[in-house]
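Summary of the model geometry
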Amino acid sequence: MRRIHIGTSGIEASAMTIGTWEMGGGTAWGSWGARDEAEYVKVLHAAPDLGVDFIDTAPVYGTGHSEELIGKALAGRRSKYVISTKCGIHWRDTDGVREYERDGKTAYRNLAAYSIRKDLEDSLRRLQTDYVDLYYTHRQSDDTPVEETMGELLRMKQEGKIRAIGISKSKPAHLEAYLRVGRVDAVQEEFNVLDRAFGGGYLDLCSQHGVIAHCYGSLAKGLLTGRIGADYVPAPGSAQNSVWFRPALRSDILAMLDEFREIAGAYGCSLANLATAWVLSRSPLVTPVIGIRRMESLVDSIKSFDVKLTPDDVSRMDCLAQSLANKAAATSV
Ligand SMILES: NC(=O)c1ccc[n+]([C@@H]2O[C@H](COP(=O)([O-])OP(=O)(O)OC[C@H]3O[C@@H](n4cnc5c(N)ncnc54)[C@H](OP(=O)(O)O)[C@@H]3O)[C@@H](O)[C@H]2O)c1
């Protein structure tokens, strides 16, 4: 597994990250397979020996459950892993702007200094650690000046409680505003062959500043793996309720995946490998966060890094995905 440097932080990690929202479970992933926590722990324990030591989580993944699971699984092994988690969305009280209702809890967005400080304390307790390697603001907000949020993050860094700062669900203007106050080493944004917006100007801006693009959703929440059949319907409130999961688009998605399967066949790789290889082809700064709960997914996903797509195959995938996007835009299905 290739190694990356997280910006200029001095932290080195695997180029592949295991995303653990899915392990957190709850209503967001309620309709996506049975829960098997013994298997999740097996994945987390096996990963470093397979070259993968970067783990991504957030307080809201399963409303605390993902961080707690990681805390228990990594107890006594913390130094073998690089952990990213996030601040700015909480459910401990009603301070902030109402974000959403999930798992019977109401989450609020709040990037005020006092609130992200509490977020950090809560995460350190759940993760059973005294430092976070990479700490993200989870979503951006106009309610708190960037100077206040970033000032507090820089204090946390000085105290050794976090080692690097990142921002997520952001726009180029957010990155520029944070960078005016202090060093940002990573952004975390959605990026896959269907959702390509990040690959334009924002990726170039990251490149200019040596900020890593820690991209999630490379498999479009499982859709690009070929595991979603014609009849699959995400449960209400599921993380899979994106435009691409609309039942009316399913036959077009499956037809596109048949073409992708032909391309994958030439590389002897899985559809999941092909989708991740597309993301990797965009820039050496792109480092995917792949949602993984099963050993089978871990072992297979690692193989994505051996697939080097030709420019012709990347263009073919782009064309197929663009036709689908045109169809989705032209219909209100
Ligand atoms: N910053 C943010 O706002 C934000 C938002 C969304 C996600 N994220 C992060 O990104 C992570 C992943 O992104 P995502 O949630 O959008 O999901 P994703 O990575 O697009 O898809 C995840 C699904 O793909 C399946 N999968 C993974 N590797 C596979 C393989 N090789 N073969 C077949 N299936 C495979 C997994 O199945 P199994 O579960 O069965 O292994 C998993 O359920 C999250 O866990 C989270 O850490 C961050």
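Notes on the structure in this doc start here. (Residues numbered from 1 in each chain as written. Predicted model: local features only at pLDDT ≥ 70, side-chain atom pairs only at ≥ 80, totals over all residues.)

Another aspect to go through is helix α7 (residues 201-209). For α7, the complete set of buried residues consists of Tyr202, Leu203 and Cys206. Buried positions in α7, seen along its axis, are confined to an arc of 100° and lie on one side of it. Opposite the buried face of α7, by more than 90 degrees, sit the exposed residues Gly201, Asp204 and Gln208. Tucked inside the fold, the buried residues of α7 contact α6 (172-181), β11 (186-188) and β12 (212-216). Just beyond α7, the residue with positive phi is Gly210, at close to 65°. (Buried ≥ 20, exposed ≤ 12 C-beta atoms within 10 Å, placed from the backbone. Helix = DSSP H or I, 4+ residues; strand = E, 2+ residues; numbered from the N terminus. Arc of directions from axis to C-beta. Contact = placed C-beta atoms within 7 Å.)

With that out of the way, let us pick up the pairing of strand β10 (residues 162-168). The two faces of the sheet receive side chains in turn, since in a regular strand these alternate between them. Counting buried positions over the 7 residues of β10 gives 6, a clear majority of the element. As paired strands, strand β9 (residues 132-137) and β10 are joined by 5 bridges and run parallel to one another. If you follow Thr137 over to β10, its bridge partner there is Ile167. On the question of chirality, the crossover connecting β9 to the parallel β10 by way of helix α5 (residues 146-158) is right-handed. Where β10 meets β11, 3 bridges bridge the pair, whose relative direction is parallel. (Pairing = 2+ DSSP bridges. Right-handed = clockwise from strand over helix to strand, strands pointing away.)

Attention now moves to the sheet that holds strand β7 (residues 97-102). The sheet built from 3 strands is open, its strands ordered β6-β8-β7 with antiparallel pairing. The two strands at the open ends of the sheet, each matched to only one other strand, are β6 (89-90) and β7. Pairing between β7 and strand β8 (residues 105-109): 5 bridges, direction antiparallel. Within the sheet, the bridge partner assigned to Glu101 lies in β8 and is Thr106.

Moving on: the site of the ligand. Inspection of the region around the ligand gives 30 residues, with Gly19, Trp21, Tyr216, Gly291 and Ser297 positioned closest. For the shell around the ligand, the secondary-structure elements that each account for two or more residues are α1 (21-24), β13 (286-291) and α10 (295-302). Partitioning the shell around the ligand into residue classes produces 9 nonpolar, 13 polar and 8 charged. (Near = placed C-beta within 6 Å. Nonpolar A, V, L, I, M, F, W, Y, C, P; charged D, E, K, R; others polar.)

So, about helix α4 (residues 113-127). Between its terminal C-alpha atoms α4 stretches 21 Å, which fits the 21 Å expected from 15 residues at 1.5 Å a residue. Looking at α4, one finds that the buried residues are Ser115, Ile116, Asp119, Leu120, Ser123, Arg126 and Leu127. When α4 is viewed along its axis, its buried side chains cluster within an angular range of 140° and face the same direction. Along α4, exposed side chains directed more than 90 degrees from the buried face belong to Tyr114 and Glu121. Packing partners of the buried residues in α4 comprise α3 (65-74), β5 (82-87), β6, β9 and α5. Note on α4: the residue one or two positions beyond its end, Gln128, has a positive phi of about 55°. (Expected span 1.5 Å × (residues − 1).)

Attention shifts here to the sheet that holds β9. Note: strands within a sheet are paired through backbone hydrogen bonds, in either parallel or antiparallel orientation. Read once around its circumference, the closed barrel built from 8 strands follows the order β3-β4-β5-β9-β10-β11-β12-β13, with strand pairing classed as parallel. Geometrically, the sheet is characterised by an average inter-axis angle of 30° between neighbouring strands, direction not taken into account. (Axes fitted to C-alpha atoms, helices over the stretch in contact; angles between N-to-C directions.)

The residue Thr63 is not glycine, and still its phi comes out positive at about 35°. By the element assignment, Thr63 lies in the loop between β4 (54-56) and α3. Given 21 C-beta atoms within a 10 Å radius, Thr63 is considered buried. Even without a glycine there, the phi angle at Gln128 is positive, about 55°. Mapping Gln128 onto the fold places it in the loop between α4 and β9. For Gln128, a count of 16 C-beta atoms within 10 Å corresponds to the partly exposed category.

Everything listed here is a matter of geometry and, on its own, says nothing about what the molecule does.
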